[in-house]
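One letter stands for each residue in the lines below.
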Amino acid sequence: MAIFNVGSINIDHVYQVEHFVQPGETLSSNGYQQLLGGKGANQSIALAQAGADAFHVGKLSKSDADYKQALIRFGVDCKHLECTDEPSGHAIIQVTPSGENAIVLFGGANQTISSDDISQALASAKPSDWVLTQNETSCVEQVLTTCKAKQLKIAFNPAPMTSAIKDLPLDCLSLLIVNEVEAQELSGQSDLDKMEQYFRSKWPELEVIITMGKAGVRMLRHQQTLNVSAFNVEAVDTTAAGDTFIGYFLAAYSQHSDAEQALKRACAASALAVTKQGAAQSIPAKSDVERFLANHN
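The rules behind the values
- Residues numbered from 1 in each chain as written.
- Predicted model: local features only at pLDDT ≥ 70, side-chain atom pairs only at ≥ 80, totals over all residues.
- Heavy atoms only, no water.
- Helix = DSSP H or I, 4+ residues; strand = E, 2+ residues; numbered from the N terminus.
- Contact = heavy atoms within 4.5 Å.
- Areas by Shrake-Rupley, 256 points an atom, 1.4 Å probe, with all protein chains shown as cover.
- Lys, Arg positive; Asp, Glu negative; His and termini not counted.
- Charge placed at Lys NZ, Arg CZ, Asp CG, Glu CD.
- Pairing = 2+ DSSP bridges.
- Axes fitted to C-alpha atoms, helices over the stretch in contact; angles between N-to-C directions.
- Buried < 20%, exposed > 50% of the residue type's maximum accessible area, 1.4 Å probe, protein only.

Caption draft 1: Broad picture of the overall build of the protein chain. Scanning the protein chain from terminus to terminus reveals 9 helices and 13 strands. Oriented by its inertia axes, the alpha-carbon framework of the protein chain measures out at about 50 × 40 × 40 Å. Across the protein chain, the fraction of contacts at a sequence separation of at least 24, relative to all contacts at a separation of at least 6, is 64%. Of the roughly 13100 Å² that the protein chain leaves accessible, carbon and sulfur atoms contribute 46%. For the protein chain, the distance from the average site of its 22 positive side-chain charges to the average site of its 33 negative ones is 7 Å.

Structure follows, in structure tokens:
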């Protein structure tokens, strides 16, 4: 069973700062790193680290081909990752001492993915396979409709959230994964229970995961509501926490793992991710997650 991830690849420029820069302010950084990132790349790496058969569908500048090799070293199949003449997507990331981050994003090559690219990449996909996508690339709507037509299971993480998300054919989805802010924007509700009522009323067949940081996670699954607590760790950098959660959850869930156990496993992986700096390099290996869970039973 394969998971095709139609997703972004960004070159992250990460600055360690005392606080987020304010309008009109010039702020010195305490540190700088250039790293592999992007929600798509992070989620593909998390899928592969969790043991899934992960295929990345996307685009990257030819000048950044070394990052394609990095994905391959993490275990991601990159035969559907094209190197082009367009500049790669990149992100400017500020990270504070408490581990919070603020991000400015440039789409670049991520915004040149075409309908033909999607059709070619998913031509070999089987109904038992999953497709994952986010909102950092072009042709998101085509991904959803293509999956629906091919009867593929589709998981969508609508980040970054924009007003256009509500116009997408979300009835094509099998699984929607949102954080609290995204859930609030989609539902127009600020109370968690009212968010749940909205999603159940609007899309009664859709499975929904709402991540809540330190407060844990809630999953709406058929008539079931699952609540799983977060693990208490000292956060250093939260940059790839959500992406790690998504990759680890979907890797387990696609293999018909019990939903609650898959959520717990994903929470453990996310907890480990925030204890390290950076994005891709903070995503834990499967063995580390298993060790962490064994120590937190």
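Caption draft 2: Highlighting the sheet that holds strand β3 (residues 31-37). The sheet built from 4 strands is open, its strands ordered β3-β2-β6-β7 with mixed pairing. Each end of this open sheet is capped by a strand with a single partner; those strands are β3 and β7 (101-106). In this sheet, adjacent strand axes meet at a mean angle of 20 degrees when their direction is disregarded. The sheet contact formed by strand β2 (residues 10-16) and β3 spans 7 bridges and is antiparallel. From the neighbouring strand, N10 faces β3, where its bridge partner is G37. Sitting on the sheet, helix α2 (residues 65-73) touches β2 and β3, and the angle it makes with β3 is about 70 degrees.

Caption draft 3: Representation of the sheet that holds strand β12 (residues 217-221) within the structure. Reading across the sheet, the 9 strands line up as β5-β4-β1-β8-β9-β10-β11-β12-β13 and stay open at both edges, with mixed pairing between neighbours. The open sheet has two edge strands, β5 (77-84) and β13 (224-228), and neither has a second partner. Direction aside, neighbouring strands of the sheet carry axes that sit 15 degrees apart on average. As judged from the 5 bridges shared by β12 and β13, these two strands associate in the antiparallel manner. Paired with R218 across the two strands is N227, which belongs to β13. Sheet strands in contact with α2 are β4 (53-61) and β5, and its direction is about 175 degrees off that of β5.

Caption draft 4: A look at the pairing of β12. Counting buried residues along β12, 4 of its 5 residues qualify, which places the element largely inside the surrounding structure. In the sheet, strand β11 (residues 207-211) pairs with β12 via 4 bridges, with the strands oriented antiparallel. The partner of I209 across the bridge, within β12, is M219. Counting the residues that bridge the hairpin from β11 to β12 gives 5 residues, and of these G213 lies at a positive phi of roughly 60 degrees.

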